[in-house]
Amino acid sequence: MSVYPFKEIEEKWQALWQKERAFSARADSQKKKYYLLEMFPYPSGKIHMGHVRNYTIGDVASRFKWMQGYNVLHPMGFDAFGQPAENAAIKNKTQPGIWTHKCIEWMKIELKKMGFSYDWEREVSTCESSYYKWNQWIFLRMFEKGLAYKKASSVNWCPACETTLANEEVVDGGCWRCHTEVEQKDLEQWYLKITGYKEQLLEDLRQLTNWPQRVLAMQENWLGKSLGVEIYFRIKGQDKTIPVFTTRVDTIFGATYIVLAAEHPLVKELIGGSSQEKKVLKFIEKVSKESKAVRTSADVKKEGIFSGAFAVNPVNNEEVPIWVADYVLMEYGTGAIMAVPTHDQRDFLFAKEHGLPMRVVIESPVAGRRSPEKLTEAYEGDGIQVNSGQFDGLPNKEAKVKIAEWMEKAGIGKIQTHWRLRDWLISRQRYWGTPIPIIYCEKCGMLPVAYADLPVELPKEAPFTGKGGSPLAKVKEFVHVTCPKCSVPARRETDTMATFFDSSWYFLRFCSPQFADEPFDRREAKYWMPVDQYIGGIEHAILHLLYSRFFTKFFKDLGMVDFAEPFKRLLTQGMVLKDGEVMSKSRGNIVDPDLIIKKYGADTLRLFILFAAPPEMELEWDERGIEGAFKFLNRVWRLYESHEPEDVMKSRKKMHETIKEVTEDIENFKFNTAIASLMEFVNVIYQSGADEEIISSLIIMLSPFAPHFSEELWERMGNKERIYKTKWPEYDPKMLIEETVTIIIQVNGKVRSKIDIPSDMAEDKLKELALADEKLRPWIQGKPVKNLIVVPRKLVNIVI
RNA sequence: GCCGGGGUGUUGGAAUGGCAGACAAUGGGGACUUAAAAUCCCCCGCUCGUAAGAGCGUGAGGGUUCAACUCCCUCCCCCGGCACCA
């Protein structure tokens, strides 16, 4: 088989692009900028198909924008801090820094083999002190503003990684990295007050019209804003109230008892001296030994005990018993609930178990009025208010608002907004991360490191073992400092920052990667930002994208940027599957991109991965598809070797059509159909021949997809200028106008005939022709024509 | 349960409300070849039919329309996010 010499060609052009600094970008206010960014990788040492897909999608867009005359910023770097490097270093008895640098070098080689058009002069690695210095700088600014703070609380703890985790890093109750079940631990830790931006984070989602719906939905879910009412239940015979929180204030008239969490501080006061005291205390002790998981598990029976006290429902002054139960948790809401057994399934089960009263207050439009005794489960749906005083007869959704407003006015409740979002825990008890720039002095307390003293360098060596707390705490030279205020011996903070801190602003650093005064040069950022197109995996839909949005809003408040959202458009590419499953080491179904490059070349791999599915959809790996892409490139290669200038009118027309389609498709990231159009174009050229112009346009349009291949043919055709600098072709709209068009003729919407007519034929004439069509005779003969619809240049529908 | 995205040939996937299945993969046939591979050309949704052709067909059922994969309603299934959050 004679195949084109892809190996030589690819090596040749990769070297030339590098030598010519082909894709280095410079801010230029005269030129329209385009900032194209793909999520930078963690330097594992090897690229996988997910990277190949992500970066190929970006590369096509980048090359296309260059050719359209944009000033393109297309940088690449490495998210280089993090646990895997530390674990690998432990395993291989080396230093994470050494290991990481090696990985970066290997990875760069692989990325270069793919022919990606990066501006390598802007490369950054987050593990360099020239980068993490600015993490510390940002942290200190946040500290000044009260947005970085330390507090003791119950935190997520991964016992395998021996470190804390942010809420966003807990997936299905397990560590996002190693899936070990996460425990709760009481620790004093550093937090970032992301909740200070919750309203904006939610509000600004509406600006992000070019983000995928599902990402917006996931972020909205995560922020979790819910409207509710805090209701005050007076305790009978006492001058105290119990606040409860509800999102279903429409069911308040059905609240027949209230429940306190076992840990609720009021419990002990309520039972003091009562006959119930001993029993309740015993119950509390029992509950305190149960884990949260058991208490909130759906299949474990809810246990509880009557406190002996009563409260008064403020809407109807009804006395209701106060219970203590395990299914109510102190962490949620106020640690106390109003129980509406008819309209909340948890309360229903509890009430049945303990023989508590029930009252229906919302009538289902389907089932109608039912007595509580007949209920087999709570009705949690919508309906009409009953037994609800002046609100009877209202739809519950309406009543919800009215009741809330009425209660607030009467001073018996307060409308409240609850959020799911919690502050971001950033302390990690690991070595390979940015040191938190804080000093503790026995006299002066907690002090920030002075800006002039940044960076706080991560010591080159530390006794990291993955066990036994922060490794930095064991490095004496690191820990022991003198207090910057009073000069007595003091010690440094020894936790490091979560690595998501590093990646929350790297897109800004790329604008001015060597800038030495601040994290980024404001003027450069003003020119390049926001990112016009961001591309990455859906797995970052919450974590990284939410944190980056938060940082951007913070920079805006500091006056460092003048925009609130960092990423204008977002594309989340689908995963690469093999045999219907995600490619992963543990499944053993990985296809190594390097082997494919060796066998077929990078251009073939790029072409296949773009052709096999639209970017945002899952892609099933198919070796035969690779063959197909390879065959296509060879077919184009032979075309160049032997094209004949025959009667090329047909090919020329097709050329203009193809330019239109490919241009529009690339703009809309529909690369699979863009490639399909190019294949059609080649098929037409095989039939009808081509001249220089036609071949040139084909090669140019192919170049974002298969850049080495196209560059080579372009040169062989005698062009001096590189193809990556060539102007993207434009089509002539006149060439798209057909002289004759095929008209579909339908009878009652079914295709019965087709005719070719001059495209400028008058409508009346067309109608006449259509009605006279021989093929239609059996269908319309003897039947009156009721209606005749003509869609110009497309079809005629005869309604009979 | 709530929110979001999907469901089209043997397969990956195409179709501003206007010829369903572009382009490819698989399969079949032909040309070239001593032969094979490669290459070039042709065919390829299902049913009936020698054929011409007809009927059916985009998860199911309704609706709107001259015309529905596309818009509306009800339902089923798959994927993802959130969830005993009061």
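What counts and what doesn't
- Residues numbered from 1 in each chain as written.
- Chains lettered and ligands numbered in written order.
- Predicted model: local features only at pLDDT ≥ 70, side-chain atom pairs only at ≥ 80, totals over all residues.
- Heavy atoms only, no water.
- Helix = DSSP H or I, 4+ residues; strand = E, 2+ residues; numbered from the N terminus.
- Buried < 20%, exposed > 50% of the residue type's maximum accessible area, 1.4 Å probe, protein only.
- Contact = heavy atoms within 4.5 Å.
- Areas by Shrake-Rupley, 256 points an atom, 1.4 Å probe, with all protein chains shown as cover.
- Lys, Arg positive; Asp, Glu negative; His and termini not counted.
- Charge placed at Lys NZ, Arg CZ, Asp CG, Glu CD.
- 1 Å grid on protein atoms, 1.4 Å probe; cavity = no way out; pocket = protein on both sides within 12 Å on 5 of 7 lines; lining within 4 Å.
- Points joined across faces, edges and corners; volume = space filled by probe spheres on them.
- Nonpolar A, V, L, I, M, F, W, Y, C, P; charged D, E, K, R; others polar.
- Pairing = 2+ DSSP bridges.
- Axes fitted to C-alpha atoms, helices over the stretch in contact; angles between N-to-C directions.
- Phe/Tyr/Trp six-rings, centres within 6.5 Å; stacked < 30°, edge-to-face > 60°.
- Salt bridge = Lys/Arg side-chain N within 4 Å of Asp/Glu carboxyl O.
- Polar contact = N/O pair within 3.5 Å; in protein donor to acceptor, adjacent residues only side chain to side chain.
- Parallel < 35°, antiparallel > 145°, perpendicular 65-115°, else oblique.
- Right-handed = clockwise from strand over helix to strand, strands pointing away.

What follows covers the overall build of chain A. Helix and strand content of chain A: 26 helices and 32 strands. Projected onto its principal axes, the C-alpha positions of chain A cover 105 × 90 × 50 Å. With 800 residues in all, chain A has 55% of them scored as buried. In chain A, the share of contacts with a sequence separation of at least 24, taken over all contacts with a separation of at least 6, comes to 72%. As presented, chain A carries roughly 36700 Å² of accessible surface, and 51% of it is formed by carbon and sulfur atoms. One finds the centroid of the 110 positive side-chain charges in chain A at a distance of 2 Å from the centroid of its 111 negative side-chain charges.

All right, on to empty space enclosed by the protein then. The tally for this structure, following the rule as stated, stands at four cavities of 30 Å³ or more. If you add up the space inside the largest cavity, you get close to 150 Å³. Lining the largest cavity are 17 residues, and of these Gln-83, Arg-177, Arg-428, Ala-498 and Thr-499 lie nearest its centre. If you list the elements that add at least two residues to the lining of the largest cavity, you get α3 (83-92), β4 (163-165) and β23 (496-497). Here the element with the most residues in the lining of the largest cavity is β4; it accounts for three residues. Taken together, the residues of the lining of the largest cavity sort by class into five nonpolar, seven polar and five charged.

This brings us to the sheet that holds strand β20 (residues 445-448). The four strands are arranged β20-β19-β22-β21 in an open sheet whose pairing can be described as antiparallel. What marks the edges here is a single partner per strand, and that holds for β20 and β21 (480-482). Sheet twist, expressed as the mean angle between neighbouring strand axes with direction ignored, is 40 degrees. Bridge count between β21 and strand β22 (residues 489-492): three bridges; the pairing is antiparallel. Opposite His-480, over in β22, you have Arg-491 as the bridge partner.

Let us now look at the packing of aromatic side chains. Counted by the stated rule, this structure contains 52 aromatic pairs. Measuring from ring centre to ring centre gives 5.0 Å for Tyr-4 and Phe-709, while their planes differ by 85 degrees; the resulting arrangement is edge-to-face. Taken together, the residues Tyr-4 in the segment before α1 (6-19) and Phe-709 in helix α24 (residues 707-716) connect sequence positions 705 residues apart. Owing to a relative accessible area of 1%, Tyr-4 belongs among the buried residues under this scheme. On the basis of relative accessibility, which here comes to 0%, the residue Phe-709 falls in the buried class. Between Phe-671 and Phe-705, the ring centres sit 6.2 Å apart and the planes meet at 75 degrees, which makes this aromatic pair edge-to-face. Residue Phe-671 is located in helix α22 (residues 671-688), and its partner Phe-705 is located in the loop between α23 (692-702) and α24; the two are separated by 34 residues in the primary sequence. On the basis of relative accessibility, which here comes to 0%, the residue Phe-671 falls in the buried class.

An order of β2-β1-β24-β25 is seen for the four strands of this open sheet, with the pairing classed as parallel. Looking at the sheet topology across the chains shown, the edges are occupied by β2 (71-73) and β25 (567-573). Strand-to-strand twist in this sheet, taken as the mean axis angle between neighbours without regard to direction, amounts to 20 degrees. Pairing analysis gives three bridges linking strand β1 (residues 33-38) to β2, with the strands arranged parallel. Across the sheet, Tyr-34 pairs through a bridge with Val-72, a residue of β2.

In the sheet, strand β19 (residues 438-441) pairs with β22 via two bridges, with the strands oriented antiparallel. Its bridge partner being in β22, Tyr-440 is matched across the sheet by Arg-491. The antiparallel pairing of β21 with β22 creates a hairpin that spans six residues between the two strands, and Ser-487 there sits at a positive phi of about 65 degrees.

Time to look at unusual backbone geometry. It is generally the case that most residues other than glycine have a negative phi and that most peptide bonds are trans. In the segment running from Leu-454 into Pro-455, the intervening peptide bond is cis, with an omega of 0 degrees. Note that Pro-455 resides in the loop between β20 and α13 (476-479). Going from Met-529 to Pro-530, the amide bond is cis rather than trans, its omega being -5 degrees. Along the chain, Pro-530 turns up in the loop between α16 (522-528) and β24 (531-537). Even without being a glycine, Asn-748 presents a positive backbone phi close to 50 degrees. Its relative accessible area of 46% is what places Asn-748 among the partly exposed residues.

A word on the side chain of Glu-168. Counting through the fold element by element, Glu-168 comes out in the loop between β4 and β5 (170-171). One buried charged residue, Glu-168, forms no salt bridge at all, with the nearest opposite charge on Arg-420 at 6.8 Å. Of note is the side chain of Glu-168, whose polar atom sits 3.0 Å from the side chain of Trp-222. Residues in contact with Glu-168, not counting those within four places in the same chain, are Trp-222, Leu-421, Ile-542, Leu-543, Leu-546 and Tyr-547.

What follows is about the packing of α1 against α24. Interaxial distance between α1 and α24 falls to 9 Å at its minimum, and their mutual angle equals 90 degrees. Put simply, α1 runs roughly perpendicular to α24. For the pair formed by α1 and α24, the contact residues are Ile-9, Glu-10, Lys-12, Trp-13, Gln-14 and Trp-17 on the first element and Pro-707, His-708, Phe-709, Glu-711, Glu-712 and Glu-715 on the second. A breakdown of the residues in the contact of α1 with α24 according to their chemical character gives five nonpolar, two polar and five charged.

It is worth spelling out the pattern of salt bridges at this point. Enumeration according to the criterion identifies 42 salt bridges in this entry. With a shortest N-O distance of 3.3 Å, Glu-199 and Lys-225 are connected by a salt bridge. Of this pair, Glu-199 sits in helix α6 (residues 198-203) while Lys-225 sits in the loop between α7 (213-223) and β8 (226-235); the two residues are 26 residues apart in sequence, bridging distant segments of the chain. Asp-204 is paired through a salt bridge with Lys-553; the nearest N and O atoms lie 2.4 Å apart. Placement of the pair is Asp-204 in the loop between α6 and α7 and Lys-553 in helix α17 (residues 543-557), with a sequence separation of 349 residues. As far as burial versus exposure is concerned, Asp-204 and Lys-553 are alike and both buried. Via salt bridges that share partners, Lys-12, Glu-20, Glu-712, Glu-715, Arg-716 and Arg-722 belong to a single interconnected network.

Take the environment of Ala-706 next. The residue Ala-706 is located in the loop between α23 and α24 in this model. A relative accessible area of 0% places Ala-706 in the buried class.

The subject of this paragraph is the pairing of β25. In summary, the side chains of a regular strand alternate between the two faces of the sheet. Where burial is concerned, most of β25 is hidden: five out of the seven residues are buried. In the sheet, β24 pairs with β25 via six bridges, with the strands oriented parallel. Bridge pairing in β25 links Gln-533 to Arg-569. Assessed by its sense of winding, the connection that carries the chain from β24 through α17 to β25 is right-handed.

Nothing here speaks to function; it is all geometry.
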